[in-house]
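Architecture and fold: a report
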Amino acid sequence: MPRVPVLSPTTGERTRPGFVHTIEGNFVDSHGRTLLFRGVNLSGSSKAPVGEPSYLLDGFWESAEAGGNSFISRPLNLDDGSADVHLARLRGWGFNVLRYPVAWEALEHEGPGIYDYEFMDYTMRVLRKCKEYGFKVYMDPHQDIWSRYCGGSGAPYWTLVACGMNPRNFTATQSTILHNEYPLAHEPDPASVPAMMWSTNYGRLAPQTLFTLFFAGRDFAPNCVIDDQNIQDYLQSHYIEAFGQLADKIRDAGDLLDDCVIGWDSMNEPSEGLVGYPDLLSLPSQQGSTLKKGPTPTPAQSLRLGMGQPQTVENWTFNTFGPQRSGSVTIDPKGLAVWADPSTEPGGVHPRYGWRRSEDWQLGLDIWAQHGVWDIETGYVMRPDYFRYLPAAEMAGPDEEVAEVEFVADYWAPHWQAWAQRIRKAHPEAIHFVAPPVFAQPPPLPVEELAGRCAYSTHYYDGLTLVTRHWNWFNADALGLLRGKYRTKLQALRVGEGAIRRSLQAQLKMLKDDAPILGPYPTMVGEIGIPYDMDGRKAYGWTDGGRHKGDYSSQQRALDASLNAADGSNALSYTVWTYCPDNVHPWGDLWNMEDLSLWSVDDLRPRGESNVYQGSGDKSSALSSRLTGRRVRAAPSALT
């Protein structure tokens, strides 16, 4: 049993009885007992306001341009009694921790510095309800692909406008894939969007540019200045302060810190954008964390498309053997550009948001062309390795060694430090759940910033099952491939369920072994889960005349393999992605056709029949098979 400090490592004050320590690689209570946290993300529904699913185009742009809508009632409705039902269900399943996603948009949707305090007050009420049911909570500043206005979730609409973009032309230029405009803005068919198509956006112009400006604008876009601040400082300061305001609210509530809210994740699944990209003229030869699927332009082609120039690009499909090249397609934006017209900011001042743009930042033109990366008229890329090296490389002599960019150390870590300092100001005892980019190892961080209150926060999904929506008889050590463990893909192949389960466990161990880079801290798998709409939604009765309705056996096997990987010698804490109170079978989690919620209202029995979950007749049975001990050694939740 580890020795528990009597005094807090951050404040020097005596710790309270319910204090959660992070020592000797574990979460530990005040009695020295190891805590095993098992829980769920509450909720994936928090990516958008109530009534605004990602497939809905009607009023989408008009609402955004008018300042957006409140996120009140996310993640739970406190006024109709359903919050108690959902929390009681989660507690009954044995869960003891919640990861609590909040989008930046929910806090600052009306404009820069205009905070939605009513939503923050509502959040305090939800957190108190979580506390009432005995949950520990860690907050998650959630984003995917930057913003729901470029195909994901997170940042408010005005951030795209601040970066000089016209989001209404994203689809025409293929600068990002929007669910509600897929495949064509004038003729959308959102139900036809392929599985995980949203994740291809990490390789498209709009998200790549937005993340580059957020993390590294000072170095790579020095001319992009707004209100006398480089766009990097402008975006980061607003992002950090918005969540800082929420952290202050939690502190001022007086009954939530540490007893309920134990800490904060850093930005969910941050992307490097173009930072470190070796050659703008080509696609990476190896499959990385960005999925190749559908039309896949190189960064150079994306730059030209963004200025309205037609391009013929590679087309990719994804089958059980991974990404496969499938010819080429031509994308013709018909002259539409992704960059906002200068007339939208008369005199360099935005009429709604009030910022003043530097004269050196010309609207209507690609910002990378304005920094000498390429020539718009000819399409020629003068500096294909512009993002590969630190800017000081331009001053290096011919015989000097030039430093290549290391995104995590050079840009993510400084942002994390600024973030951590603001959160620590509001929540001195906060556990910092340190979340670097997906599958990237964390860098060493200052001991004084971690201050003995830290956990390594990582994510893991069985990628083949997630993309194919099928439980396969073979799989691969995807993490080992990404980290160069094998010389060939064949060496990473795993055949048979036993080999697959051992492989998943080994991959989670590899992630757990990253934690000591930070120090003697525990690991939290912040996201892990499976799709439930497998095999054409056959478990919902959508195939073969409904013959397989209620048969969740494939989902049981897939979820058990993933969660079992956290057991054994790994003994990892985790929060499953996700629990959506409004999940429905046709549209899943109401976001980009993802269907990972442990529960769905569509699984409730018809009136007159039992509404208690029975056997394998609903989605939650995939989890129930673990809770009841079927197919596994023990239940997934415990305090040991």
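In what follows, the accompanying structure is described. (Residues numbered from 1 in each chain as written. Predicted model: local features only at pLDDT ≥ 70, side-chain atom pairs only at ≥ 80, totals over all residues. Heavy atoms only, no water.)

**Some details on the overall build of the protein chain**
- Across its full length, the protein chain holds 17 helices and 19 strands.
- Relative to the 2.2 N^0.38 estimate, which gives 26 Å for 640 residues, the radius of gyration of the protein chain is 24 Å and therefore close to what a compact globule would have.
- C-alpha extents for the protein chain along the principal axes are approximately 65 × 65 × 55 Å.
- Buried positions account for 59% of the 640 residues belonging to the protein chain. (Helix = DSSP H or I, 4+ residues; strand = E, 2+ residues; numbered from the N terminus. Rg over C-alpha atoms; globule rule 2.2 N^0.38 Å. Buried < 20%, exposed > 50% of the residue type's maximum accessible area, 1.4 Å probe, protein only.)

**Quick look at helix α4 (residues 117-132)**
- The end-to-end C-alpha distance of α4 is 23 Å, a good match for the 22 Å that 16 residues give at a rise of 1.5 Å each.
- Of the positions making up α4, those classed as buried are Phe119, Met120, Tyr122, Thr123, Met124, Val126, Leu127, Lys129 and Cys130.
- A distance of 3.3 Å separates the backbone nitrogen of glutamate 118 from a side-chain oxygen at the start of α4, and that oxygen is part of aspartate 116. (Expected span 1.5 Å × (residues − 1). Polar contact = N/O pair within 3.5 Å; in protein donor to acceptor, adjacent residues only side chain to side chain.)

**Regarding a nonpolar patch on the surface**
- Taken together, the side chains of Trp473, Leu490, Leu493 and Val495 present a nonpolar region at the surface, about 460 Å² in accessible area.
- By the secondary structure assignment, leucine 493 is in strand β16 (residues 493-495).
- Residue classification places leucine 493 among the partly exposed positions, given a relative accessible area of 37%. (Patch = residues over 30% accessible without salt bridge, like charges linked within 9 Å, V, L, I, M, F, W, Y side chains within 5 Å. Areas by Shrake-Rupley, 256 points an atom, 1.4 Å probe, with all protein chains shown as cover. Salt bridge = Lys/Arg side-chain N within 4 Å of Asp/Glu carboxyl O.)

**With respect to the packing of aromatic side chains**
- One pass over the full model with this rule turns up 40 aromatic pairs.
- Aromatic pair phenylalanine 60 and tyrosine 149: ring centres 5.2 Å apart, planes at 40°, arrangement tilted. Taken together, the positions of phenylalanine 60 in helix α1 (residues 60-65) and tyrosine 149 in the loop between β6 (136-142) and α5 (157-162) put the pair 89 residues apart, joining distant regions of the chain.
- Using a relative accessible area of 11% as the deciding quantity, one classes phenylalanine 60 as buried.
- For tyrosine 149, a relative accessible area of 1% corresponds to the buried category.
- Over the ring of tryptophan 591 we find lysine 47, and its NZ or CZ is 3.2 Å from the ring centre.
- Looking at arginine 91, its charged tip hangs above the ring of phenylalanine 135, at a distance of 5.5 Å from the centre. (Phe/Tyr/Trp six-rings, centres within 6.5 Å; stacked < 30°, edge-to-face > 60°. Lys NZ or Arg CZ within 6 Å of the ring centre and 35° of its normal.)

**Section: the side chain of serine 175**
- On the secondary structure map, serine 175 appears in the loop between α6 (170-173) and α7 (205-220).
- For serine 175, a relative accessible area of 1% translates into the label buried.
- Excluding anything up to four places from it in sequence, serine 175 contacts Phe170, Arg204, Leu205, Ala206, Pro207, Gly306 and Val338. (Contact = heavy atoms within 4.5 Å.)

**Here we look at the pattern of salt bridges**
- Under the counting rule described, the total for this entry stands at 32 salt bridges.
- In this structure, the salt-bridge partner of aspartate 248 is arginine 251, at a minimum N-O distance of 3.4 Å. With aspartate 248 and arginine 251 both in helix α8 (residues 231-253), this residue pair falls three residues apart, about one helical turn.
- You can call aspartate 248 buried: its relative accessible area is 15%.

**What about the sheet that holds strand β17 (residues 523-527)?**
- Pairing within the closed barrel is parallel, and its eight strands lie in the order β4-β5-β6-β9-β13-β14-β17-β18. Each strand axis lies, on average, 25° off the axis of its neighbour in the sheet, ignoring direction.
- One ladder, built from two bridges, connects β17 with strand β18 (residues 573-576); its direction is parallel. By the bridge assignment, valine 525 is partnered in β18 with tyrosine 574.
- Contacting β5 (97-103), β6 and β9 (261-265), α4 crosses the sheet at an angle of about 170° to β5. (Pairing = 2+ DSSP bridges. Axes fitted to C-alpha atoms, helices over the stretch in contact; angles between N-to-C directions.)

**Remarks on the sheet that holds strand β11 (residues 311-319)**
- Read from one edge of the open sheet, three strands run β10-β11-β12, paired in antiparallel fashion. The open sheet has two edge strands with one neighbour each: β10 (294-296) and β12 (322-331). Averaged over all neighbouring strand pairs, the angle between strand axes comes to 40°, with direction disregarded.
- Relative to β12, β11 runs antiparallel, the two being bridged by eight bridges. Looking at β12, one finds that asparagine 319 is bridged to glycine 322.
- Strands β10, β11 and β12 of the sheet are contacted by helix α9 (residues 299-306), whose axis makes an angle of about 125° with β11.

**Here's the deal with the pairing of strand β13 (residues 431-434)**
- Going residue by residue along β13, you find Ile431 and Phe433 tucked away on one face and His432 and Val434 tucked away on the opposite face as well.
- As paired elements, β9 and β13 share three bridges and run parallel to each other. Counterpart to glycine 263 in the pairing with β13 is isoleucine 431.
- The sheet contact formed by β13 and strand β14 (residues 454-459) spans three bridges and is parallel. Residue pairing for β14: valine 434 is matched across the bridge by tyrosine 456.

**Remarks on the nonpolar core**
- Judged by nonpolar contacts, the single largest core of 157 residues is most densely connected at Met139, Trp146, Ile231, Ile250, Trp264 and Trp368.
- With sequence-adjacent residues up to four places away left out, isoleucine 231 is seen in contact with Ala162, Cys163, Leu213, Gly217, Cys224, Ile226 and Trp361.
- With eleven residues, the next largest nonpolar core counts Phe27, Tyr138, Ile262 and Ile431 among its residues. (Core = buried A, V, L, I, M, F, W, Y, C linked by side-chain atoms within 4.5 Å.)

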